[in-house]
Amino acid sequence: MSDLEPIDNPESWFSAGERERDAGNLRQAQLCFERAVVLNPHNAVYWSELGLVMHENNDETGDPLRCIRRALELDPRCAAIWCAKGVVLFRQGDPQAAVVAFQRATKLNLREADYWMNLGLAYAALEEYNNALQAFEIGIELVPTDAGFWERKGTVLRELGEKERSEICLANARRFS
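Residues numbered from 1 in each chain as written. Predicted model: local features only at pLDDT ≥ 70, side-chain atom pairs only at ≥ 80, totals over all residues. Heavy atoms only, no water.

Caption draft 1: The arrangement of the overall build of the chain in detail. When helices and strands are tallied, the chain shows ten helices and zero strands. The linear arrangement of helices and strands in the chain, starting from the amino end, is α-α-α-α-α-α-α-α-α-α. Reported as C-alpha extents along the three principal axes, the dimensions of the chain are approximately 60 × 30 × 30 Å. Buried residues in the chain amount to 44% of all 177 residues. For the chain, the computed accessible surface area is about 9,700 Å², with 48% contributed by carbon and sulfur atoms. In the chain, the 20 positive side-chain charges and the 28 negative ones have mean positions that sit 4 Å from each other. (Helix = DSSP H or I, 4+ residues; strand = E, 2+ residues; numbered from the N terminus. Buried < 20%, exposed > 50% of the residue type's maximum accessible area, 1.4 Å probe, protein only. Areas by Shrake-Rupley, 256 points an atom, 1.4 Å probe, with all protein chains shown as cover. Lys, Arg positive; Asp, Glu negative; His and termini not counted. Charge placed at Lys NZ, Arg CZ, Asp CG, Glu CD.)

Pasting the structure below:
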């Protein structure tokens, strides 16, 4: 912790925002993240979290993607920020743009299973099932007992007409849940 009083300490505000977000108090979290950004406008993570919580709040006064773009200007090699951008784009109904952001996240951090899950979901939304299958298979390599990956792989295989393989995956999903 710095020598700054908590009221002037951006990290204190950011931590408070995380606590509020985790407790489901998104409006309060947004206010905390906004204060952290004001106190330290050069911290990419602050901007990214502000953008995500703004989107969750359906805040019409702000622009979540503007916040995330600012975060990427500050730290273009942060996979988590690229993932955040993909999440917002996907939820705004633009899975094609989300795929691009999730691809960037996976290239920057090949070992983060959540990025592969998000990429697979975006591909599935575009009905690009072979690409979705590949993303889910990488996720299973990373986390072999994750029921979500097995379930989604099974669903994609069913879409591809591979009923037998689909049933095996769905059985694995039930076993790991």
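Caption draft 2: Broad picture of the pattern of salt bridges. Going through the model one piece at a time under the given rule, you end up with nine salt bridges. A salt bridge links Glu-162 to Arg-165, with the shortest nitrogen-to-oxygen separation between them at 2.7 Å. Between Lys-163 and Glu-167 there is a salt bridge whose closest N-O contact spans 3.8 Å. Here Lys-163 pairs with Glu-167, and both are found in helix H10 (residues 163–176), just four residues apart, close to one helical turn. When salt bridges that share partners are traced, they join Glu-137, Lys-153, Glu-162 and Arg-165 into one network. (Salt bridge = Lys/Arg side-chain N within 4 Å of Asp/Glu carboxyl O.)

Caption draft 3: Unusual backbone geometry, seen in detail. Positive phi values are uncommon outside glycine, yet Glu-127 reaches one of about 60°. As for its placement among the helices and strands, Glu-127 is situated in the loop between helix H7 (113–125) and helix H8 (129–142). For Glu-127, a relative accessible area of 58% translates into the label exposed.

Caption draft 4: Spatial organisation of the packing of H7 against helix H9 (residues 147–159). For the pair H7 and H9, the least separation of the axes is 11 Å and the interaxial angle reads 20°. Regarding the angle of H7 to H9, the classification is roughly parallel. Taken as a pair, H7 and H9 cross one another with a handedness that is left-handed. Packed against H7, whose contacting residues are Ala-113, Trp-116, Met-117 and Leu-121, the element H9 presents Gly-148, Phe-149 and Arg-152 at the interface. Here the contact of H7 with H9 is built from residues that sort into five nonpolar, one polar and one charged. (Axes fitted to C-alpha atoms, helices over the stretch in contact; angles between N-to-C directions. Parallel < 35°, antiparallel > 145°, perpendicular 65-115°, else oblique. Left-handed = near helix turned anticlockwise from the far one by under 90°. Contact = heavy atoms within 4.5 Å. Nonpolar A, V, L, I, M, F, W, Y, C, P; charged D, E, K, R; others polar.)

Caption draft 5: Representation of helix H6 (residues 95–108) within the structure. When the terminal C-alpha atoms of H6 are compared, their 20 Å separation across 14 residues agrees well with the 20 Å that a helix rising 1.5 Å per residue should span. Taken as a whole, H6 has its buried residues at Pro-95, Ala-98, Val-99, Ala-101, Phe-102, Ala-105 and Thr-106. The secondary structure elements touched by the buried residues of H6 are helix H5 (79–91) and H7. (Expected span 1.5 Å × (residues − 1).)

Caption draft 6: Seen up close, the environment of Ser-48. Take Ser-48: it is sitting in helix H3 (residues 44–56). Sequence spacing of Ser-48 and Arg-70 is 22 residues, and the spatial spacing of their C-alpha atoms is 8.0 Å. Setting aside residues no more than four positions away along its own chain, Ser-48 makes contact with Ile-68, Ala-71, Ile-81 and Ala-84.

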